[in-house]
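Here's the letter readout for the chains.
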Amino acid sequence: MRRGVSWLSRRTAILAVLLSVFIIVMVAGGIVLSAIGEVSRHANQLDDDRSRQTTAGAVKTFLSQLGATLNDYAAWDDAATYSYSADGMDWMISNFGEMSENSALFDVALVVDTRRNAILAYHEGAPMKVPADQFFDAALWRLLDAAMASTENPEARGFVRTTRGIAAAGVALIRTKTGETNRSDDDRRYLVFARHLDPQVETLGQTYVIKGLHLAAPDGVEQNYVAVWDPAGQVLGKLAWPSRAPGDISYSSIRSKVIGAIALFGFLLATVFAIGLMEMRRLRLDEEASRQLALTDRLSGLLNRAGLFKAIETMIEDARSSKSDVALLYLDLDGFKEVNDAYGHGCGDDLIRSVSAGFRFLTPEDAVLARVGGDEFAIAFLRKNCDTAAQSLAGMILNFFDEPFQIGERLVTVGTSIGIASSQIGTINAEEVVRRADIAMYKSKDSGRGRYFFYDTSMDNDRETILALESQLRKAIAEKQLSVVYQPVVAASSLEITGAETLVRWNRPGRSPVYPDVFIPVAEKTGLIEPLGIFVLKSACDQAREWPEIGIAVNISPVQLRNPSFAAQVAEILQSTGIEPARLTLELTEGYLIQNPQRARQSIERLKALGVKIALDDFGSGFSSIGYLRQFGFDRMKIDRSMVTDIDVSENARSLLEATSALARSLGIPVTAEGVERESQAHVLLDCGCDELQGYLFGKPMPAAELSALLVEQSTGACIVQARKTA
Ligand code: C2E
Ligand code: CA
Ligand code: CA
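None of the values given here were measured: they were computed from a predicted structure.

**What to know about the side chain of E587**
Right, on to step 1. Residue placement: E587 occurs in strand β20 (residues 584-588).
Right, on to step 2. Judged by its relative accessible area of 2%, E587 is buried.
Right, on to step 3. A polar contact of 2.5 Å, which involves the side chain of E587, links it to the side chain of K638.
Right, on to step 4. Setting aside anything within four residues of it in sequence, one finds E587 in contact with E501, A553, V554, N555, I556, A615, D617 and K638.

This is the structure we're talking about:
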């Protein structure tokens, strides 16, 4: 679900970035294009303005040229003479009328009087075909009126409409160069020149470099034009031209390039973005891979401790939402260390891989499998009412361990102890579930291994006591609070002390003592048994120097026996104390032999090679196979107190003990009976063939000084049983 959400948000993020890139490119492109558009519009405007000014100038020049020509002709002494004389017509025709032909300066020439009568009317070198006031519109007479009205400068000019089109027209009083007419106002004559615009437009266009200049109707829709007005303020027409739009031309010529550039920019941006995205993806994958690697156990390929925690946390979250439970099986291999010690780490690694493969096969698809320590594993899964499933899985796993593992050419037997805890509806957090399963697993170990336990709260108390004991014991060892006592062992026949068993004591100052039954297992679990064992062994051997007449026995924990350098340590102590090895008996319980026979045999052989004796301790308290006696070459068997208790009252107990000691004797192995408290027991034991007896009857575990005293008494002939009885 969270995955889905993150994917969705990533997709949204990508889309958002893509959209941003798109918008950036579009906006940037828009700005650039609109700027260029602005420039081009401005260029168009400038060009249009220039064309307008030029055209306006051209129109003005057109008119003023006509004006100048007219002035030349009208203010002319000859004209003043002939225009007013009765026989001046020929002169006027040849100098005015005929000059209108093929003239670039004017194409109409009139001579009119003040009453608008045309005395001469020529158009393009020939007499006008229509009367002058039909040829011209009324505007001409306005010009005439204006010229007549002015005394200073009796000339007027402007544009007028004619039957041929629009023309620049000028009206000027015919006069001498100095301005005389010698005529009354009414008698005056006026020279009219007109020059039609229409035929000149093309020439104008060429002269002023305005392409497409043309004359358009006054109501035309041209965009670029200069209006031509008559003196009455009426628009006669328009000199128009198509916009050259140089900006547009430039714009269109560069637009494709600009668009190309923008597209390139967009492409670049998209490429950069894509590369960035790919890089981010790669980084994310790298990160993911390294995170995954950090959560994986390299040897087994399963999750490691961190991975397990993460997975359980997720499961617990899911359990809350789905109202189901998380089950956790915590497994510790029994006997793995021995395999490792005996066959090397390569074999150990192979075993871990085989076990992992087995777990993978046995666990449900949706379960999480982890290797959380050297030989510790965990399986977690999510179920409704998970206990039944956890129980059946635990059962299957235990069955699986019934068969030995084939590692290379070897068959290796290991077991597993399982602790089960659960988080109902996710109410218990990951750390606590793991802690609980771990405690339950220890309970399985303590209860004999190869089994499973569900966590229950009472375990916590045990566990807490153990943890507290551990730290106290560590301190006790460091502060030398441990001591040893010796329990005498007597010969069954003579009741003479022949040996002593060394037993460790922890007397806490100001507090009640802790019994070995309690702290030895703690020491074994925590590794403290190693320094403790060495301390006891050293103390015993030291003490034995003072008691040359008896043997000395020391209890050895399986944990010590596992240590490959244990035999060397024993040898070192024997040497440093100078004790004859045959005087030392090491007592072993059978548990370790069952667990790891091969490794145990090796260890025992090494010890025996030193010359020390090995006794099988607590016979009858557990599996009690006589076979072990022969198999491991024990020098002595110690019958457990539980087998001794009832021998003087129960026939059954007595015959069992008889049979047991007979078997031992048949193997040539001497037997010590422990826990002898009553004389009646001692008698039976003697009858049964036990050659040594040990128990409160002969002496409780005691400080060395006390035993020393007993030994002194013994050497002087006092009976040990008597001594004990009187104590
Ligand atoms: P264990 O090796 O079987 O030692 C004999 C235990 O039986 C001693 O208990 C001793 O006090 C007790 N016992 C002896 N005679 C009698 C008797 O007549 N009646 C009764 N009721 N008990 C008797 P302790 O000293 O409490 O030791 C208990 C166990 O702790 C030992 O059993 C041994 O397994 C372990 N242990 C003691 N000292 C050491 C040690 O230095 N190293 C190791 N590894 N284990 C030790
Ligand atoms: Ca013992
Ligand atoms: Ca014992």
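Right, picking up where we left off after that structure.
**A look at the pairing of strand β11 (residues 368-371)**
Right, on to step 1. Of the two faces of β11, the one carrying V368 and A370 and the one carrying L369 and R371 are both buried.
Right, on to step 2. Relative to strand β12 (residues 376-383), β11 is paired through four bridges, and the arrangement is antiparallel. Residue L369 lies in a different strand from β12, and its bridge partner there is I379.
Right, on to step 3. Linking two consecutive strands that pair antiparallel, namely β11 and β12, is a turn of four residues.

**Overview of the coordination of the calcium ion (ligand 2)**
Right, on to step 1. Around the calcium ion (ligand 2), the donor atoms from the protein are E501 (OE), N555 (OD1), E587 (OE) and D617 (OD), and they sit 2.1 to 2.3 Å away.
Right, on to step 2. Each donor residue of the calcium ion (ligand 2) belongs to the same chain, with the gaps between them written as E-x53-N-x31-E-x29-D.

**Remarks on the packing of aromatic side chains**
Right, on to step 1. Applying the stated rule across the entire model yields 20 aromatic pairs.
Right, on to step 2. Ring centres of F400 and F401 lie 5.3 Å apart, and the angle between their planes is 80°; on these two criteria the pair is classed as edge-to-face.
Right, on to step 3. Residue F400 is classed as partly exposed on the basis of its relative accessible area of 24%.
Right, on to step 4. With 4.9 Å between their ring centres and 90° between their planes, Y486 and W547 make a pair best called edge-to-face. In this pair, Y486 sits in strand β17 (residues 482-491) while W547 sits in the loop between α15 (529-544) and β19 (551-555), placing the two residues 61 residues apart along the sequence. The same class applies to Y486 and to W547, which are both buried.
Right, on to step 5. Through successive ring pairs, a cluster of aromatic residues spans Y73, W76, Y82, W91, F96, F106 and F193.
Right, on to step 6. Above the face of the Y696 ring, K700 is positioned so that its terminal group lies 4.8 Å from the ring centre.

**Some remarks on the nonpolar core**
Right, on to step 1. The biggest cluster of nonpolar side chains holds 81 residues, and the ones touching the most others in it are L584, L586, L693 and L707.
Right, on to step 2. If you tally residues by element for this core, the top one is α15, at eight residues.
Right, on to step 3. Residues contacting L584, with those up to four places away along its chain left out, are L537, C541, I552, V554, V570, L574, V612 and K613.

**Let's talk about the coordination of the calcium ion (ligand 3)**
Right, on to step 1. The coordination sphere of the calcium ion (ligand 3) contains the protein donors D617 (OD), D618 (OD), E674 (OE) and E674 (OE), at a distance range of 2.1 to 2.5 Å.
Right, on to step 2. Counting the intervening residues between successive donors of the calcium ion (ligand 3) yields the motif D-D-x55-E.

**Observations concerning the environment of V644**
Right, on to step 1. Tracing the backbone shows V644 in helix α21 (residues 641-644).
Right, on to step 2. Distance in space between the C-alpha atoms of V644 and L685 is 8.3 Å, their sequence separation being 41 residues.
Right, on to step 3. Excluding anything up to four places from it in sequence, V644 contacts I639, L657, A673, E674, G675, V676, Q681 and L685.

**With respect to empty space enclosed by the protein**
Right, on to step 1. Summed over the entire model, instances satisfying the criterion amount to one cavity of 30 Å³ or more.
Right, on to step 2. Put simply, the largest cavity is a space of about 50 Å³.
Right, on to step 3. L561, N563, P564, F566, A567, R599, S603 and R606 are the residues that line the largest cavity.
Right, on to step 4. Going through the elements one at a time, α17 (566-577) and α19 (597-610) are the ones with two or more residues in the lining of the largest cavity.
Right, on to step 5. A total of three residues in the lining of the largest cavity trace back to one element, the largest contributor, which is α19.
Right, on to step 6. Looking at the lining of the largest cavity residue by residue, the classes come out as four nonpolar, two polar and two charged.

**A short note on the sheet that holds strand β8 (residues 225-229)**
Right, on to step 1. Spatial ordering of the open sheet is given by β7-β9-β8, a layout of three strands whose pairing is antiparallel. Of all the strands in the sheet, just β7 (214-216) and β8 have a single pairing partner and so form its edges. Here the strands of the sheet are splayed against their neighbours by 30° on average, with no regard to which way each runs.
Right, on to step 2. Inspection of the sheet shows β7 paired to strand β9 (residues 235-240) by three bridges, in the antiparallel sense. Paired with L215 across the two strands is L239, which belongs to β9.

**Focus: the sheet that holds strand β15 (residues 415-423)**
Right, on to step 1. Pairing is mixed in the open sheet, where five strands are placed in the order β11-β12-β10-β15-β16. Of all strands in the sheet, those bounded by a partner on one side alone are β11 and β16 (452-454). Along the sheet, successive strands turn relative to each other by an average axial angle of 15°, direction set aside.
Right, on to step 2. As paired elements, strand β10 (residues 325-334) and β12 share eight bridges and run antiparallel to each other. What sits directly across from V326, in β12, is L382.

**Examining the site of ligand 1**
Right, on to step 1. Around ligand 1, 22 residues are found, and the nearest of them are Q487, R505, N555, E677 and Y696.
Right, on to step 2. For ligand 1, a nitrogen atom lies 2.8 Å from a polar atom in the side chain of Q487.
Right, on to step 3. Between ligand 1 and E674, the relevant distance is 3.3 Å, taken from an oxygen atom to a side-chain nitrogen or oxygen of the residue.
Right, on to step 4. Of all the elements, strand β18 (residues 497-506) adds the most residues to the shell around ligand 1, at four residues.
Right, on to step 5. Of the residues belonging to the shell around ligand 1, the class tally is nine nonpolar, five polar and eight charged.

**Some remarks on the packing of helix α22 (residues 651-666) against helix α23 (residues 679-688)**
Right, on to step 1. The contact between α22 and α23 brings their axes to 9 Å, and the two run at 40°. Here α22 is positioned oblique relative to α23, judged by the angle of their axes. Crossing of α22 over α23 shows right-handed handedness. Along its contact with α22, which presents R654, L657, E658, S661 and R665, the element α23 presents V684, L685, D687 and C688.

**Things to note about the environment of L369**
Right, on to step 1. With respect to the helices and strands, L369 occurs in strand β11.
Right, on to step 2. Once residues within four sequence positions are removed from consideration, L369 is found in contact with L302, L303, S356, F359, R360, T363, A378 and I379.

**Thoughts on a negative patch on the surface**
Right, on to step 1. A grouping of E313, E317, D318 and E431 is seen on the molecular surface, where their side chains present a negatively charged patch.
Right, on to step 2. Ranked by residues supplied to the negative patch, first place goes to helix α8 (residues 305-322) with three residues.
Right, on to step 3. Along the chain, E317 falls in helix α8.
Right, on to step 4. What makes E317 partly exposed here is its relative accessible area of 41%.

Criteria and cut-off values
- Residues numbered from 1 in each chain as written.
- Chains lettered and ligands numbered in written order.
- Predicted model: local features only at pLDDT ≥ 70, side-chain atom pairs only at ≥ 80, totals over all residues.
- Heavy atoms only, no water.
- Helix = DSSP H or I, 4+ residues; strand = E, 2+ residues; numbered from the N terminus.
- Buried < 20%, exposed > 50% of the residue type's maximum accessible area, 1.4 Å probe, protein only.
- Polar contact = N/O pair within 3.5 Å; in protein donor to acceptor, adjacent residues only side chain to side chain.
- Contact = heavy atoms within 4.5 Å.
- Pairing = 2+ DSSP bridges.
- Donors = N, O, S within 2.8 Å, 3.2 Å for Na, K, Ca; no water.
- Phe/Tyr/Trp six-rings, centres within 6.5 Å; stacked < 30°, edge-to-face > 60°.
- Lys NZ or Arg CZ within 6 Å of the ring centre and 35° of its normal.
- Core = buried A, V, L, I, M, F, W, Y, C linked by side-chain atoms within 4.5 Å.
- 1 Å grid on protein atoms, 1.4 Å probe; cavity = no way out; pocket = protein on both sides within 12 Å on 5 of 7 lines; lining within 4 Å.
- Points joined across faces, edges and corners; volume = space filled by probe spheres on them.
- Nonpolar A, V, L, I, M, F, W, Y, C, P; charged D, E, K, R; others polar.
- Axes fitted to C-alpha atoms, helices over the stretch in contact; angles between N-to-C directions.
- Near = heavy atom within 4 Å.
- Parallel < 35°, antiparallel > 145°, perpendicular 65-115°, else oblique.
- Left-handed = near helix turned anticlockwise from the far one by under 90°.
- Patch = residues over 30% accessible without salt bridge, like charges linked within 9 Å, V, L, I, M, F, W, Y side chains within 5 Å.
- Areas by Shrake-Rupley, 256 points an atom, 1.4 Å probe, with all protein chains shown as cover.
- Salt bridge = Lys/Arg side-chain N within 4 Å of Asp/Glu carboxyl O.
- Lys, Arg positive; Asp, Glu negative; His and termini not counted.
- Charge placed at Lys NZ, Arg CZ, Asp CG, Glu CD.

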